[in-house]
Amino acid sequence: MIDVASLTKTYASPGGPVTVLRDLSLRVAAGESVAIVGPSGSGKTTLLNLLGALDQPSSGSIAIGGVPLAGLDPAAAARFRNRSIGFIFQLHYLLPQCTVLENVLVPRLAGGWEESAADTRARAESLLEQVGLRDRLAHLPWQLSGGEQLRVAIARALINRPKLILADEPTGSLDPATGERIAELLLRTHAGADAALVVVTHNPGLARRMQRTYRLEAGRLLA
Ligand SMILES: Nc1ncnc2c1ncn2[C@@H]1O[C@H](COP(=O)(O)OP(=O)(O)O)[C@@H](O)[C@H]1O
Ligand SMILES: [Mg+2]
C-alpha cells in the first residue's frame, strides 16, 4: 500500500536549508498498522504530509497503492487524496459553520460518487454512531469537547472508504481514558475498513497496539 524509497526532504529556511528526512525507506502492506514515534521536530508530520500527497519530496519516490505520487499534477493529487486517503490532522480543521454531520460529509462534496445522497448520509450517521456521536449530529464544532472534535475528524477521514488512514498524534491532547477509547476506535475502524493505518504518536500505549513501530531519528526510520 505504501512504498517509499530513498526519501529526502529539505526545507529552505532563513538560516539555510534544513534536511529533515534523509534517504528514508518504508513499506506498509494493505491493511497493516504502523506507529511512528520520535521526538518533537524529528520530521513525523513532514513524513505524513508527504505520504498524503500534501507536499513534495526533495528526492526519492513514494507510491501509494501502486500510484507514484510524483506523476500527479495538483488537481490529480487533490483527487487522489480525496479518494484514497483519510487524513486525521493534529489540528482537526473542522469547518466552524458546519454541523457535525455536515463536517463528516465534506469529503463527499467533490462529487462523482456512485452512492445516492441518502445512502451517503446514512453512512455518515453510522460512522458518527461508531465514534459515539449519534446524539451530536446537529452540534457545531465549538459545542464539542476536544475529544469529540477528534472523533468527528475520524469519521470524516473514513467517509470516502480510504485504503490508507494517516493520523498525526490523534491522542496528543486527550486525557488517558479518552486516548484509550480513540486508540480502540482507530484500530476497530482500520480493521473494519481493511485500510492500512499509519499513526504518529507520543503515546506508547497506542504505539504498542500497532503491528509495527518505527522510530524516526536523524531523518531515518529505525525498527
Ligand atoms: N514548511 C517548513 N519550512 C521550514 N522548516 C520546516 C517546515 N515544516 C517543518 N519544518 C522543520 O522541520 C522539522 C520537522 O518538523 P515536523 O515534521 O513538523 O516534526 P514533528 O512532527 O516530528 O514534530 C522541524 O525542525 C521544523 O522546524
Ligand atoms: Mg508533528
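Below: a short report on this structure. (Residues numbered from 1 in each chain as written. Chains lettered and ligands numbered in written order. Predicted model: local features only at pLDDT ≥ 70, side-chain atom pairs only at ≥ 80, totals over all residues. Heavy atoms only, no water.)

### Some remarks on the site of ligand 1
The line we're drawing: We call a residue near a molecule or strand whenever a single non-hydrogen atom of that residue lies within 4 Å of it. Whenever a nitrogen or oxygen atom comes within 3.5 Å of another N or O atom, the pair is scored as a polar contact, on the condition that within protein one atom can donate a hydrogen and the other can accept it, and that pairs from neighbouring residues in sequence are kept only if both atoms are in side chains. In short, Shrake-Rupley with a 1.4 Å probe defines the accessible areas, and a residue's cover is counted only from the protein chains shown. Labels follow the DSSP assignment, with helices taken as runs of H or I lasting at least four residues and strands as runs of E lasting at least two, numbered in each case from the N terminus. Residues were grouped as follows: Ala, Val, Leu, Ile, Met, Phe, Trp, Tyr, Cys and Pro as nonpolar; Asp, Glu, Lys and Arg as charged; and all remaining residues, including Gly, as polar.
Taken together, Tyr11, Ala12, Val20, Pro39, Ser40, Gly41, Ser42, Gly43, Lys44, Thr45 and Thr46 make up the full set of residues adjacent to ligand 1. In the environment of ligand 1, an oxygen atom lies 3.0 Å from a nitrogen or oxygen atom belonging to the backbone of Gly43. Here an oxygen atom of ligand 1 sits 2.9 Å away from a polar atom, N or O, in the side chain of Thr45. Contact with the protein chains covers 59% of the free accessible surface of ligand 1, which is 560 Å². Considering every element that reaches the shell around ligand 1, the biggest residue donor is helix 1 (residues 44-51), with three residues. Looking at side-chain class alone, the shell around ligand 1 contains four nonpolar, six polar and one charged residues.

### Overview of the pattern of salt bridges
Quick reminder of the rule: Any Lys or Arg side-chain nitrogen found within 4 Å of a carboxyl oxygen on Asp or Glu counts as a salt bridge. Relative accessibility under 20% of the residue-type maximum defines a buried residue, over 50% an exposed one, and the middle range a partly exposed one, all with a 1.4 Å probe and only protein chains included.
Under the criterion given, the structure shown has 14 salt bridges. With a closest N to O distance of 2.7 Å, Arg212 and Glu32 form a salt bridge. In this pair, Arg212 sits in strand 9 (residues 212-217) while Glu32 sits in the loop between strand 2 (18-28) and strand 3 (33-37), placing the two residues 180 residues apart along the sequence. Judged by relative accessible area, Arg212 falls into the partly exposed class, the value being 23%. For Arg136, the salt bridge is made with Glu148, and the minimal N-O distance between the two is 3.6 Å. Placement of Arg136 in the loop between helix 4 (117-130) and helix 5 (146-158) and of Glu148 in helix 5 is noted, with a sequence separation of twelve residues between them. According to the relative accessible area criterion, Glu148 is buried, its value standing at 13%.

This is a description of form; function is not addressed.
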